[in-house]
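Below, each chain spelled out in residue letters.
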Amino acid sequence: MTETGFLQIAVYFLAILLVTRPLGAFLAYVFAGRRTFLHPLLRPVERLIYRLSGIREDAEQRWTGYAGALLAFSLFSFLVLYLLQRLQGWFPFNPQAFGAGNVTPDLAFNTAVSFMTNTDWQAYSGEATLSYFVQMAGLTVQNFASAAAGMAVAIALIRGFACERAGAIGNFWVDLTRATVYVLLPISLVAALFLCSQGVIQNWLPYAQVQTLEGGTQIIPQGPVASQEAIKELGTNGGGFFNANSAHPYENPTPLTNFVEMLLIFMIPAGLTYTFGKMVGDTRQGWAIFAAMSILFLPGAFTAYISEQSGNPILAASGVQQSPSNLHPGGNMEGKEVRFGIAASALFATITTGASCGAVNSMHDSYTPIGGLVPIFNMLTNEVIFGGAGAGLYGMLLFAILAVFIAGLMVGRTPEYIGKKIEGKEVKMAMLALIATAASVLLFTGASGVLDLAEGSYINPPGPATGNLNNQGPHGLSEILYAYASGTGNNGSAFAGLNANTPWYNLTIGLAMLIGRFFIIVPLLAAAGSLAGKRRLPASSGTLPTHGPLFVTLLAGTVVIVGALAFFPALSLGPIVEHFLMHEMRVF
Amino acid sequence: MRQQLIPALRMTLVLTVATGLVYPALVTGLAQILFRDQANGSLIRKNGRAVGSSLIGQQFTRPEYFHPRPSAAGRGYDPLASGGSNLGPTSSRLTVRVRESVRRYRAENPQFSGDVPPDAVLASASGLDPHITPANAEAQAPRVAKARGVEPDRIRALIHRHLEGRDLGLLGEPRINVLVLNLALDETVGSR
């Protein structure tokens, strides 16, 4: 570990800490419909959207109506995106003349599900597959919409805790619109222009052809990148314009843009913890959630950093310097960019998987076993280490419900959280979400490990599905496990050596993404509806305080034990055993 | 859910126009006014012709030029196929490739001894990394000097002039842009 590496992580965390309160307070104002400094400019836009969509701003929805609206909106998002891809040849802004042949039906299904669920898993390579029109009117739109929908669900769940004996939990359309108009669009616009100033491209030009110094030709893709890059990070989406994602110099040209992109990823998830505290009338409750997220985040960041910095003994034995000096960063530089080095790469990897973002500025598949274990672990916790825009907070509140339930069992009292009694319905809904997601990861991984197809099959090339792997030995299992953890966690990053663009992987990972999104959202909205109808009880001497260090520890422990322990056997067979084999210099 | 279908469809279309057409058009318009050069790819022109982008690495193999990192993008530095090798730490293909690269690096730079800098033999994430580390540039300086028939110190001075430090003194790593350095070589040192 070097001093500057340590400082980069520390300064980043400090910046997130500083942005949490002002942004969180702003979000609370926006979702309560109160006037903010943006209202003179944007209130007319908000009203125009309601008028065009035929929505009554003051109509409140019960949880069933709220969930129904979200599902209907997701359905159309999926359909529009699927059709746009398949019909891309008909639309303008397509200088490279990409058509339906570039996007097979199973790939279009996978990509449509992927962006609609805020996953942004990419089985395709952007620069060789999609027209500028699909990137903008298809993908960029879902970058906004899926993030706004996630934030809406978080706000609805907070209302469940905050309100007193209410039937309704808000209006999905209003929450969706406000998140988009007052939060996502303005921040994205400013961020996109900043990224442009640093070198991120934004144009509709055909791909540039240049003659290199040694006389070769190089064709350099162009496109409207900055507008997508900004919301890709801010909305914790992560779908790259290019195959190399945020490692591509046109997406992330300098260490400064890298820092800003990392800030954009954690900004809304961190801010929402404060919003939570503010809306339930006790900001300490929000800071407790923030603290639990932080004590899960920081050890991960340092573990990944130290592991990548220590490097790979097999490389050292091959004559590659692994300890840092003033002139080079040392460490495991395979799959990392020189401008970012080790610290800014490992930090980005921890952030992007802690949040359900999935943008990458380095190739996780080439990480050391323990460096790669951190992203997998982060995704397996159901993305609550700050987590996705909205998804992080509602995921963590799910664990908070379980934490107070476990504490209640230990002392034999009915558990309470934020003054609401946690009863059978809430606990059942939380457990349903956890079991569905764990089953999705483990069953699909297992099935892909043993799948073996006869000649002439459609869903995957004949032979064992392990033939899709880029790496053998334990690392091969990690590639499959990573894929389903990423899909189910709605993350979208990859151990990208796995060839996932076959019908088998496109369809099963698509299914995993749907499970990971809706088997959490719908049960949680049901819990929100049930909580909203309850009375808020004043704290008594028997109430477990949920704002102190005891609860923070309990909550973080619940995430690790309940959320991640189910995967320990799989992790032992993948990254953990690979770590020991690497130190015995074994290769596969 | 049924009475939600019509608003859902209308909302999808309205948001498509707002965030998928108006917003990117607004960013494009402003970017083209404010940051025209960057927004169009930071292309470098020489005698009116584009010779590359200062952000996108390109392949160099001749001894009189500094060489970039190994690239997994297509056949090397192909921007139509950006990406890394995705080889894991215990991959035998990685080990074989790295040993071969180390051998070639030492053969190309006979005056260099010891373990090679990591970026010289390890592939980048994008396959388009425009930079190398100062250690890698220093190691190649004697070769470039010999091929151009000049004192190594002149080359080292040029490297030093093109050294980019950490952003804000803290972020990222010190680095040297290979294409920019090679263009400067052609301009100031000339070739033999």
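All values derive from a computational prediction rather than experimental measurement.

**Student:** Can you walk me through the overall build of chain A in this structure?
**Tutor:** Per the secondary structure count, chain A includes 18 helices and six strands. The C-alpha atoms of chain A give 23 Å as radius of gyration, which agrees with the globular expectation for 588 residues (25 Å, within 12%). For chain A, with 588 residues in total, the buried portion stands at 66%. Counting only contacts in chain A whose residues sit at least 6 apart along the sequence, the fraction spanning at least 24 positions is 77%. A total of about 17,900 Å² of accessible surface is found on chain A, and carbon and sulfur atoms cover 66% of it. Distance between charge centroids for chain A: 19 Å, based on 27 positive and 29 negative side chains.

**Student:** I'm lost on the interface of chain A and chain B in this one. Help?
**Tutor:** Interfaces are often sized by the amount of accessible area the parts lose when they come together. Opposite the 112 residues of chain A that make contact, chain B presents 103 residues. Contact between chain A and chain B buries roughly 8,900 Å² in total, counting both sides, with carbon and sulfur atoms accounting for 66%. Among the residues of chain A in contact with chain B, Leu 213, Glu 214 and Val 338 of chain A are the three that bury the most area, contributing 10% of the side total. Linking chain A with chain B are 51 residue pairs in polar contact (both at pLDDT 80 or more). Residue contributions to the side of chain A that touches chain B peak at 11 residues, all from helix α6 (residues 172-198) of chain A. Among the residues making up the side of chain A that touches chain B, the classes are represented as 60 nonpolar, 41 polar and 11 charged.

**Student:** I'm lost on the packing of aromatic side chains in this one. Help?
**Tutor:** We describe a pair of aromatic rings using the distance from one ring centre to the other and the angle between the two ring planes. Residues and elements named next belong to chain A. Counted according to the given criterion, the structure contains 34 aromatic pairs over all chains. For the pair Phe 241 and Phe 242, a centre-to-centre distance of 5.2 Å together with 65° between the ring planes defines the contact as edge-to-face. One exposure class covers both Phe 241 and Phe 242, and it is buried. Ring plane angle 20° and centroid distance 5.4 Å describe the contact between Phe 444 and Tyr 484, whose orientation is recorded as stacked. In this pair, Phe 444 sits in helix α14 (residues 424-450) while Tyr 484 sits in helix α15 (residues 474-488), placing the two residues 40 residues apart along the sequence. Assigned by exposure class, Phe 444 and Tyr 484 land together as buried. The structure contains a cluster of three or more aromatic residues connected by ring pairs, namely Tyr 12, Phe 13, Phe 259, Phe 266, Tyr 274, Trp 287, Phe 290, Phe 297 and Phe 386. Between Arg 34 and the ring centre of Tyr 29, over which it is positioned, the NZ or CZ distance is 4.2 Å. A cation sits over an aromatic face here: Lys 336 above Tyr 367, 4.0 Å from the ring centre.

**Student:** Can you help me understand the side chain of Ser 478 of chain A in this one?
**Tutor:** Residues and elements named next belong to chain A. Residue placement: Ser 478 occurs in helix α15. When its relative accessible area of 2% is taken as the criterion, Ser 478 is described as buried. Beyond its immediate stretch of four places on either side in the chain, Ser 478 contacts Ile 376, Phe 495, Gly 574 and Pro 575.

**Student:** What is the right way to look at the side chain of Glu 426 of chain A in this model?
**Tutor:** All names here are of chain A. Here Glu 426 is to be found in helix α14. Residue classification places Glu 426 among the buried residues on the basis of a relative accessible area of 1%. A polar contact of 2.3 Å, which involves the side chain of Glu 426, links it to the side chain of Ser 530. With residues up to four places along the chain from it excluded, the contact list for Glu 426 reads Ile 401, Lys 421, Ala 527, Ser 530, Leu 531 and Lys 534.

**Student:** Even after reading the chapter, I still don't get the environment of Pro 44 of chain A, so can you show me in this structure?
**Tutor:** Residues and elements named next belong to chain A. Within the secondary structure, Pro 44 is located in helix α2 (residues 39-53). Given a relative accessible area of 47%, Pro 44 falls into the partly exposed group. For the pair Pro 44 and Gln 309, spaced 265 residues apart in sequence, the C-alpha to C-alpha distance is 52 Å.

Calculation rules
Residues numbered from 1 in each chain as written. Chains lettered and ligands numbered in written order. Predicted model: local features only at pLDDT ≥ 70, side-chain atom pairs only at ≥ 80, totals over all residues. Heavy atoms only, no water. Helix = DSSP H or I, 4+ residues; strand = E, 2+ residues; numbered from the N terminus. Rg over C-alpha atoms; globule rule 2.2 N^0.38 Å. Buried < 20%, exposed > 50% of the residue type's maximum accessible area, 1.4 Å probe, protein only. Contact = heavy atoms within 4.5 Å. Areas by Shrake-Rupley, 256 points an atom, 1.4 Å probe, with all protein chains shown as cover. Lys, Arg positive; Asp, Glu negative; His and termini not counted. Charge placed at Lys NZ, Arg CZ, Asp CG, Glu CD. Buried area = accessible area lost by both parts, 1.4 Å probe. Polar contact = N/O pair within 3.5 Å; in protein donor to acceptor, adjacent residues only side chain to side chain. Nonpolar A, V, L, I, M, F, W, Y, C, P; charged D, E, K, R; others polar. Phe/Tyr/Trp six-rings, centres within 6.5 Å; stacked < 30°, edge-to-face > 60°. Lys NZ or Arg CZ within 6 Å of the ring centre and 35° of its normal.

Purely spatial values, then, with no claim about function.
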